[in-house]
Amino acid sequence: MPVWAVGGIDYHGGKNENISEVETVFMIDSLSRENILEALRKGHCYARRKSGSGDITIKKFIVKNPVNNSIAESGESVLIGDGAKMTIGLNEKNGNKVSGSLIVVKNGEVFMTQNISIPYEESFDVSVASGKKGYFRIMVNTADGGKVISNPIFFNVKYVGK
């Protein structure tokens, strides 16, 4: 049972605290109790800390196996092999341009870091040793304390004929 990233704040009502600064963003089509609970069960959500530079949103975070066209997003699993692709898309909720750093984590270790400008979208190859399994997660940080932490995409690796 994976532990999902959810937003929470230790709010005490101080002058410099804002209770709406940290939140869990649910990736759902329509707002209902059932949809929220299902998204939470499946990890189709992410944690976000808003900042003065804006509210960063994950527009897309997928891993795709181009051989069989299987795709997974946050909370899901995918069987990958040679040539797997990861696509990351980020926006700012109000359309503002925001600078930040993107960190891609693989199995708890930094896989890639990149200074980015949001809105942002990029696809790139990901490789993992044959027979391995694990996960990818993304994190975004802005200079003024804004953060986004995705839930993981789990993978299993199988190279055909190897």
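That block above? That's the structure.
Below, the structure is looked at part by part. Being a predicted model, the structure only gives us computed values, none of them experimental.

Focus: the overall build of the protein
1) Next: When you go through the protein residue by residue, the secondary structure sums to one helix and twelve strands.
2) Next: Considered along the principal axes of its C-alpha atoms, the protein spans approximately 60 × 35 × 25 Å.
3) Next: Each of the 162 residues in the protein was classed as buried or not, and the buried ones make up 39%.
4) Next: When the accessible surface of the protein is summed, it comes to about 9200 Å², and 50% of that surface belongs to carbon and sulfur atoms.
5) Next: Each charge class in the protein can be summarised by its mean position, and for the 20 positive and 17 negative side chains these summaries are 5 Å apart.

Some remarks on the sheet that holds strand E9 (residues 120-126)
1) Next: Pairing is antiparallel in the open sheet, where four strands are placed in the order E4-E3-E6-E9. Since the sheet does not close on itself, it has two edges, and those belong to strand E4 (70-73) and E9, each with one partner. When strand polarity is set aside, the average angle formed by the axes of neighbouring strands in this sheet is 20°.
2) Next: Here strand E6 (residues 84-92) runs beside E9; their pairing, made up of seven bridges, is antiparallel. Opposite leucine 90, over in E9, you have tyrosine 120 as the bridge partner.

Overview of the nonpolar core
1) Next: Core analysis: the biggest nonpolar cluster contains 30 residues, and Met86, Ile88, Leu102, Val104 and Phe136 have the highest contact counts within it.
2) Next: Put simply, the parts of the chain that give this core at least two residues each are strand E3 (56-65), strand E5 (77-80), E6, strand E7 (98-106), strand E8 (109-118), E9, strand E10 (133-142) and strand E12 (153-157).
3) Next: Among residues more than four places away in sequence, those in contact with isoleucine 88 are Lys60, Phe61, Leu102, Val104, Tyr120, Glu121, Glu122, Phe124 and Ile138.

What about the environment of isoleucine 118?
1) Next: In this structure, isoleucine 118 sits in strand E8.
2) Next: With relative accessibility at 0%, the residue isoleucine 118 sits in the buried group.
3) Next: Linking isoleucine 118 and glycine 100, residues 18 residues apart in sequence, is a C-alpha distance of 7.5 Å.
4) Next: Those residues within four positions of isoleucine 118 in sequence are excluded, and the remaining contacts are Ile56, Leu90, Asn91, Glu92, Asn96, Lys97, Val98 and Val140.

Here's the deal with the side chain of aspartate 55
1) Next: Within the element layout of this structure, aspartate 55 appears in the loop between strand E2 (45-49) and E3.
2) Next: Lysine 93 provides the closest opposite charge to the buried, salt-bridge-free aspartate 55, at an N-O distance of 4.3 Å.
3) Next: In contact with aspartate 55, not counting residues within four places along its chain, are Arg48, Lys50, Asn91, Glu92 and Lys93.

Examining the pairing of E6
1) Next: Across the nine residues that make up E6, a large majority, seven, are buried.
2) Next: Pairing of E3 with E6 involves eight bridges; the strand directions are antiparallel. Within E6, the residue paired with lysine 60 across the bridge is glycine 89.

Remarks on the pairing of E5
1) Next: Here E5 shows a clear split, with Val78 and Ile80 buried on one side and none of Ser77 and Leu79 buried on the other.
2) Next: As paired elements, E5 and E12 share four bridges and run parallel to each other. Within the sheet, the bridge partner assigned to valine 78 lies in E12 and is phenylalanine 155.

Considerations on the packing of aromatic side chains
1) Next: Going through the model one piece at a time under the given rule, you end up with three aromatic pairs.
2) Next: Here tryptophan 4 and phenylalanine 154 contribute two aromatic rings whose centre-to-centre distance is 6.3 Å and whose plane-to-plane angle is 55°, an arrangement assigned as tilted. Taken as a pair, tryptophan 4 in the segment before strand E1 (22-26) and phenylalanine 154 in strand E12 lie far apart in primary sequence, 150 residues in all.
3) Next: A residue is classified by how much of its surface remains accessible, and phenylalanine 154, at 23% relative accessible area, is partly exposed.
4) Next: One aromatic cluster in this structure is built from Phe111, Phe136 and Phe155.

Conventions we followed
Residues numbered from 1 in each chain as written. Predicted model: local features only at pLDDT ≥ 70, side-chain atom pairs only at ≥ 80, totals over all residues. Heavy atoms only, no water. Helix = DSSP H or I, 4+ residues; strand = E, 2+ residues; numbered from the N terminus. Buried < 20%, exposed > 50% of the residue type's maximum accessible area, 1.4 Å probe, protein only. Areas by Shrake-Rupley, 256 points an atom, 1.4 Å probe, with all protein chains shown as cover. Lys, Arg positive; Asp, Glu negative; His and termini not counted. Charge placed at Lys NZ, Arg CZ, Asp CG, Glu CD. Pairing = 2+ DSSP bridges. Axes fitted to C-alpha atoms, helices over the stretch in contact; angles between N-to-C directions. Core = buried A, V, L, I, M, F, W, Y, C linked by side-chain atoms within 4.5 Å. Contact = heavy atoms within 4.5 Å. Salt bridge = Lys/Arg side-chain N within 4 Å of Asp/Glu carboxyl O. Phe/Tyr/Trp six-rings, centres within 6.5 Å; stacked < 30°, edge-to-face > 60°.

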